[in-house]
Amino acid sequence: MVAPLKVGIAGLGTVGAEVVRLIEQQSRTLSSRCGRPVRVVAVTARSKAKKRGLDLHGIGWAKTPLELASDPSIDCFVELMGGAGEPALSAIETALKSGKSVVTANKALIAKHGLKLAKAAEQFGGALNFEAAVGAAIPIVKTLREGLAGTAINRVYGILNGTCNYILTRMEQEGLSFAECLKDAQRLGYAEANPSFDVDGHDTAQKLAILASLAFGTRVSQGAVYVEGISSIAPEDLRAAAELGYRVKLLGVAVRTAKGIEQRVHPTMVPKTSSIAQVMGVTNAVTIDGEGIPPITLVGPGAGGAATASAVVADIADVARGIRALPFGRPVEKLRAIEKAPMERHEGGYYIRLMARDLAGTAATIATRLAEQKISIESIVQRHADGVDAVQMAGKAAPVPVILITYATSEDAVYRALDAVQRDKVISGRPQVIRIEKN
Ligand code: HSE
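Here the structure is a predicted model, which is why all the values come from computation and not from measurement.

1. Observations concerning the site of the ligand
Surveying the vicinity of the ligand reveals the residues Lys107, Asn161, Gly162, Thr163, Tyr190, Glu192, Asp198, Asp203, Lys207, Gly302 and Ala303. The side chain of aspartate 198 places a nitrogen or oxygen atom 2.8 Å from a nitrogen atom of the ligand. Side-chain polar atom of aspartate 203 to an oxygen atom of the ligand: 3.5 Å apart, as the coordinates give it. Burial of the ligand by the protein amounts to 87% of the accessible area it has alone, namely 260 Å². Sorting the residues of the shell around the ligand by element identifies helix H7 (162-174) and helix H10 (202-216) as the ones contributing at least two each. Residue composition of the shell around the ligand, grouped by class: 2 nonpolar, 4 polar and 5 charged.

Here's what the structure looks like:
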């Protein structure tokens, strides 16, 4: 019989425990798919005493992740502790330097130290697999790295954070506020311990930086990602979007442009008919626009123990089979520095919601300022002033919402026009601006 792949797992939280269970449950299938058995031989976690409902009988217990990483009796070190730094970083480096393969679900670590780790993997001959770091059970890393190795990729974009999609879905469907939906997401355990990581877009940015590297052969650079979260989105934006044939999603978009590679995370209006617009709740989805082929959209669970464990075990199976793809699909030294396209030169359609003075000439002023910047208006709607107290506003023209959709223009043109409108004093408050992404 072929020798089993001996696996050591660091971290026995929701995902780690599920990986141990899944390897046990699928042992026969794994053995036949990989041509050899896969066995968990050692683990480590912060607390040995914690009840996990796992049978760890016969499995060794290492005192620290480093001890496990340097244990000569394991072939594959699985890092499921999380965190962008220690102890995960040193443990993975140690495992790779001793010639072991590594599997991790750690998006923060891969976004920050992925290149250094990939270099160590190349040098010492081990695999570094991180399918679970992006979109959990959705095999997007493998799709970009291997499945589309022969296809030039022009754009990859998706819903990469379940918490944000859950919040936006409930806001749209039930007319609830952002704050109410966030509270529910926390109660249901979707949001990260610090919800700002989700709702301010940083979780999506880390995942996008990894996808962009795989798609475009560039060095992973989280710093090159423009990030805007969803906390400014109001139920009236979602209502207006729906009436205009759009839905608002927090998208991570990486796209090749004439000015370089744009990597951006922001609330985005997508046509209601697009595949990505159908994705509701905590589900994730990624669309890939490849040269010469229609878009490919992968949809599935992007978080949770079972979904993440599914990807981790698939990565372990690749190690057992002896498949060793270069972590970012190319040797690290061949990855190009990212040429960051400046956001102010971003081109696309825009949704703009203004609170405008309801007096003769206001619409004309707004239209003039847009025309000065050569911005063409696709549609313009003025609404009744919902909930504006007429008595409180007595003596002044009550502000009314004006919603504009523009044809493709540049971001700096939009902001120049809005600055001018603000100087004209025909609007109150800050305009709401949401970029439109066409499919
Ligand atoms: N907090 C993340 C989400 C978990 O909501 O999608 C997976 O990265």
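2. Observations regarding the packing of helix H6 (residues 140-147) against H10
Between H6 and H10, whose axes approach to 9 Å, the crossing angle comes to 15°. The orientation of H6 relative to H10 falls into the category roughly parallel. Between H6 and H10 lies a crossing whose hand is left-handed. Packed against H6, whose contacting residues are Ile140, Val141, Leu144 and Arg145, the element H10 presents Leu211, Leu214 and Ala215 at the interface. Of the residues that constitute the contact of H6 with H10, the class distribution is 6 nonpolar, no polar and 1 charged.

3. Thoughts on the side chain of glutamate 131
With respect to the secondary-structure elements, glutamate 131 resides in the loop between strand S6 (128-129) and H6. Separated by 3.0 Å, the side chain of glutamate 131 and the backbone nitrogen of valine 141 make a polar contact. Excluding its chain neighbours within four sequence positions, the residues that come into contact with glutamate 131 are Ala136, Ile138, Pro139, Ile140, Val141, Lys142, Ala311 and Asp315.

4. Let's talk about the domain arrangement of the protein chain
Assigned domains within the protein chain: domain 1 (5-136 + 307-331), domain 2 (148-301) and domain 3 (344-436). The distance between the C-alpha centroids of domain 1 and domain 3 comes to 52 Å.

5. Quick word on the pairing of strand S1 (residues 5-10)
As a general feature of sheets, a regular strand has side chains that alternate between the two faces. Burial runs high along S1: 5 of the 6 residues are buried. In this structure, S1 lies alongside strand S2 (residues 38-44), joined through 6 bridges in parallel fashion. What sits directly across from leucine 5, in S2, is valine 38. Relative to strand S4 (residues 76-79), S1 runs parallel, the two being bridged by 4 bridges. Following the sheet pairing, alanine 10 is matched in S4 by glutamate 79.

6. Some words on the sheet that holds strand S3 (residues 60-61)
Read across the open sheet, the 6 strands follow the order S3-S2-S1-S4-S5-S6; overall the sheet is parallel. The open sheet has two free edges, formed respectively by S3 and S6, since each of these has just one partner strand. Of the strands in this sheet, S1, S2, S4, strand S5 (101-104) and S6 touch helix H12 (residues 305-321), which is tilted by about 170° from S5.

Cut-off values and rules
- Residues numbered from 1 in each chain as written.
- Predicted model: local features only at pLDDT ≥ 70, side-chain atom pairs only at ≥ 80, totals over all residues.
- Heavy atoms only, no water.
- Near = heavy atom within 4 Å.
- Polar contact = N/O pair within 3.5 Å; in protein donor to acceptor, adjacent residues only side chain to side chain.
- Areas by Shrake-Rupley, 256 points an atom, 1.4 Å probe, with all protein chains shown as cover.
- Helix = DSSP H or I, 4+ residues; strand = E, 2+ residues; numbered from the N terminus.
- Nonpolar A, V, L, I, M, F, W, Y, C, P; charged D, E, K, R; others polar.
- Axes fitted to C-alpha atoms, helices over the stretch in contact; angles between N-to-C directions.
- Parallel < 35°, antiparallel > 145°, perpendicular 65-115°, else oblique.
- Left-handed = near helix turned anticlockwise from the far one by under 90°.
- Contact = heavy atoms within 4.5 Å.
- Domains from an automatic or database assignment.
- Buried < 20%, exposed > 50% of the residue type's maximum accessible area, 1.4 Å probe, protein only.
- Pairing = 2+ DSSP bridges.

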